[in-house]
Amino acid sequence: MDVHALADFEALAREALSPEAWGYYAGGAWDEVTLRENEAAFRRRFLRPRVLVDVSRVDTATTILGERISLPVGVAPVALQGLAHPEGEVVPARVAGRTGLPYVLSTFSSRSLETVAAVGRGLRWFQLYVQQDRRIAEQLVRRAAEAGYRAIVLTVDLPRPGIRERERRHPLTETGGLGNVPHTEGAQFIDVIGGLMDASLDWDDLAWLRSLSDLPLVLKGILGGEDARLAVEHGASAVIVSNHGGRQLDRVPATIDVLEEVVAAVDGRAEVYLDGGVRRGTDVVMALALGARAVFLGRPFLYALAAAGEAGVTRAVELLREEVEAAMALLGCPTVAAVTRDRVR
Ligand SMILES: Cc1cc2nc3c(=O)[nH]c(=O)nc-3n(C[C@H](O)[C@H](O)[C@H](O)COP(=O)(O)O)c2cc1C
């Protein structure tokens, strides 16, 4: 496969996808300032290597919520992976399981959470959107727990969808169906989502959510210290610093630029992860140095899936593994724990 960087999948995916699917996957909100900023902010930062450290062996493994993963990298929840591949979420979930990466399944996945769980081994978390009919969330959490998902990732930055112009120019109406929740085709997908969401959800509802299962709760979409503190006070085991890949409120900062504020507020009481704009092994080590325990990638895995199916996603993981290993070795860090704050400017 003539792919030497995650970015190479993007052009291939664009060719493979319909304009509607491409607009849905690639787009951000409003002027896409935040979408671009997520990647740009990584490139404004610089690494500080230490030399003459024994890096003859580099161990990229770590744990998240107590479970071992082979790289500090996971697959972010992305809706409608059936637009990229006939088997949809099943393919990246299988690759993630085989390669030791965590896989987060979206509420709005094309395949059902049970179908995805049937791929077998692998650490999987379930991403929850709370809809106006709260019974749906209760059922989803119960099903996820029964199917072996190990955490509930509540996405908190989508009381309603952001204003996404690319989707308005290329309306996505044929989704191929949703795996977890009933849905009728015909209307624009983003409007369907907007109509379902419970915009009244607030901090007081987290007690109800936590009562639904024993699974740890992860809050996805935290962008500042105050909310990070509230997340911990309301029992979150982890937070994901995320701006939804620039798809919700435009003009919020890049996630890498607010990571330290969140890490300081959490103060070791919960794990902190980051997503948004991670494209290189050097981005991964920068996030680790600034206090993230792991990072998640959305679009790169999606593009790899659309471009080359299972071989593509496998290649994406290989590339990331090679890049993270090389970055750690050249930074003078034989273990993930050795990637400390002093390694980034
Ligand atoms: C096409 C698409 C669909 C997404 N669907 C969901 C979703 O269903 N639930 C969710 O929590 N986040 C969703 N996200 C956000 C991702 O989980 C993640 O925050 C984001 O993609 C990370 O940025 P990156 O694409 O730059 O890696 C979606 C992102 C994309 C690009």
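Residues numbered from 1 in each chain as written. Predicted model: local features only at pLDDT ≥ 70, side-chain atom pairs only at ≥ 80, totals over all residues. Heavy atoms only, no water.

A. Spatial organisation of helix H12 (residues 281-289). The buried fraction of H12 is high, at eight of nine residues. Along H12, the residues that are buried comprise Gly281, Asp283, Val284, Val285, Met286, Ala287, Leu288 and Ala289. On its buried side, H12 packs onto helix H3 (33-43), strand S3 (73-75), helix H11 (255-266), strand S9 (271-275), strand S10 (294-297) and helix H13 (299-331). (Buried < 20%, exposed > 50% of the residue type's maximum accessible area, 1.4 Å probe, protein only. Helix = DSSP H or I, 4+ residues; strand = E, 2+ residues; numbered from the N terminus. Contact = heavy atoms within 4.5 Å.)

B. View of helix H10 (residues 225-233). Residues of H10 that are buried include every one of Gly225, Ala228, Ala231 and Val232, and no others. Buried residues of H10, viewed axially, fall in a sector of 120°; they line one side. Relative to its buried face, H10 has exposed residues pointing more than 90 degrees away, namely Glu226 and Glu233. (Arc of directions from axis to C-beta.)

C. Layout of the site of the ligand. The immediate surroundings of the ligand are formed by 22 residues, with Pro77, Ser106, Thr155, Asp275 and Arg279 found nearest. Between the ligand and tyrosine 129 there is a distance of 3.0 Å, counted from a nitrogen atom to a side-chain nitrogen or oxygen. Separating an oxygen atom of the ligand from a side-chain N or O atom of threonine 155 is a distance of 2.7 Å. The protein chains hide 98% of the 600 Å² of surface that the ligand would expose on its own. For the shell around the ligand, a count of residues per class yields eight nonpolar, nine polar and five charged. (Near = heavy atom within 4 Å. Polar contact = N/O pair within 3.5 Å; in protein donor to acceptor, adjacent residues only side chain to side chain. Areas by Shrake-Rupley, 256 points an atom, 1.4 Å probe, with all protein chains shown as cover. Nonpolar A, V, L, I, M, F, W, Y, C, P; charged D, E, K, R; others polar.)

D. Inspection of the pairing of strand S7 (residues 217-222) at higher detail. Burial runs high along S7: six of the six residues are buried. Pairing between strand S6 (residues 152-155) and S7: four bridges, direction parallel. Counted as the bridge partner of threonine 155 is lysine 220 from S7. Note: S7 against strand S8 (residues 238-241), four bridges, orientation parallel. When the bridges of S8 are listed, leucine 219 appears paired with valine 239. (Pairing = 2+ DSSP bridges.)

E. Summary view of unusual backbone geometry. Non-glycine residue leucine 52 carries a positive phi angle of around 55°. Tracing the chain through its elements places leucine 52 in the loop between H3 and strand S1 (62-64). Here the phi dihedral of leucine 65 falls at roughly 45°; this positive angle occurs in a residue that is not glycine. Relative to the helices and strands, leucine 65 is located in the loop between S1 and strand S2 (67-69). The exposure class assigned to leucine 65 is partly exposed, which follows from its relative accessible area of 24%.

F. Representation of the side chain of threonine 107 in the model. With respect to the helices and strands, the residue threonine 107 is situated in the loop between strand S4 (103-105) and helix H5 (113-117). Non-local contacts of threonine 107, meaning those with residues more than four positions away in its chain, are made with Phe126, Gln127, Leu128, Tyr129, Gln131, Leu140 and Asn180.

G. Spotlight on the packing of H3 against H11. The N-to-C vectors of H3 and H11 enclose an angle of 75°; their axes lie 8 Å apart at closest approach. Judged by the angle between their axes, H3 and H11 are roughly perpendicular. Where H3 abuts H11, its residues Glu37, Asn38, Ala41 and Phe42 lie against Thr255, Ile256 and Asp257. A class-by-class count of the residues in the contact of H3 with H11 yields three nonpolar, two polar and two charged. (Axes fitted to C-alpha atoms, helices over the stretch in contact; angles between N-to-C directions. Parallel < 35°, antiparallel > 145°, perpendicular 65-115°, else oblique.)

H. Representation of the environment of aspartate 267 in the model. Its place among the elements puts aspartate 267 in the loop between H11 and S9. Measuring from C-alpha to C-alpha, the distance between aspartate 267 and arginine 229 comes to 8.9 Å, with 38 residues separating the pair along the chain.

I. Looking closely at the packing of helix H1 (residues 8-16) against H13. Two elements in contact, H1 and H13, have axes whose closest approach is 10 Å; the angle formed by their N-to-C orientations is 160°. By the angle between their directions, the pair H1 and H13 is classed as roughly antiparallel. For the pair H1 and H13, the crossing hand works out as left-handed. Here H1 contributes Phe9, Glu10, Leu12, Ala13 and Ala16 to the contact with H13, which in turn contributes Tyr303, Ala304, Ala306, Ala307, Gly312, Arg315, Ala316 and Leu319. Of the residues belonging to the contact of H1 with H13, the class tally is 10 nonpolar, one polar and two charged. (Left-handed = near helix turned anticlockwise from the far one by under 90°.)

J. The arrangement of the packing of aromatic side chains in detail. Scanning all chains against the criterion turns up nine aromatic pairs. For the pair tyrosine 24 and tyrosine 25, a centre-to-centre distance of 5.9 Å together with 50° between the ring planes defines the contact as tilted. Per residue, the accessibility class of tyrosine 24 equals that of tyrosine 25, and both read buried. Pairing tryptophan 125 with phenylalanine 296 gives two aromatic rings, centres 6.2 Å apart and planes at 45°, and the pair type is tilted. One end of the pair, tryptophan 125, is in strand S5 (residues 124-128); the other, phenylalanine 296, is in strand S10, and 171 residues separate them in sequence. Every member of this aromatic cluster is reached through a ring pair, and the members are Tyr24, Tyr25, Phe108, Tyr129 and Phe189. The ring of tryptophan 208 has arginine 134 lying over it, and the distance from NZ or CZ to the ring centre is 5.1 Å. One residue, arginine 247, lies across the ring of tyrosine 24, its end atom 4.9 Å from the ring centre. (Phe/Tyr/Trp six-rings, centres within 6.5 Å; stacked < 30°, edge-to-face > 60°. Lys NZ or Arg CZ within 6 Å of the ring centre and 35° of its normal.)

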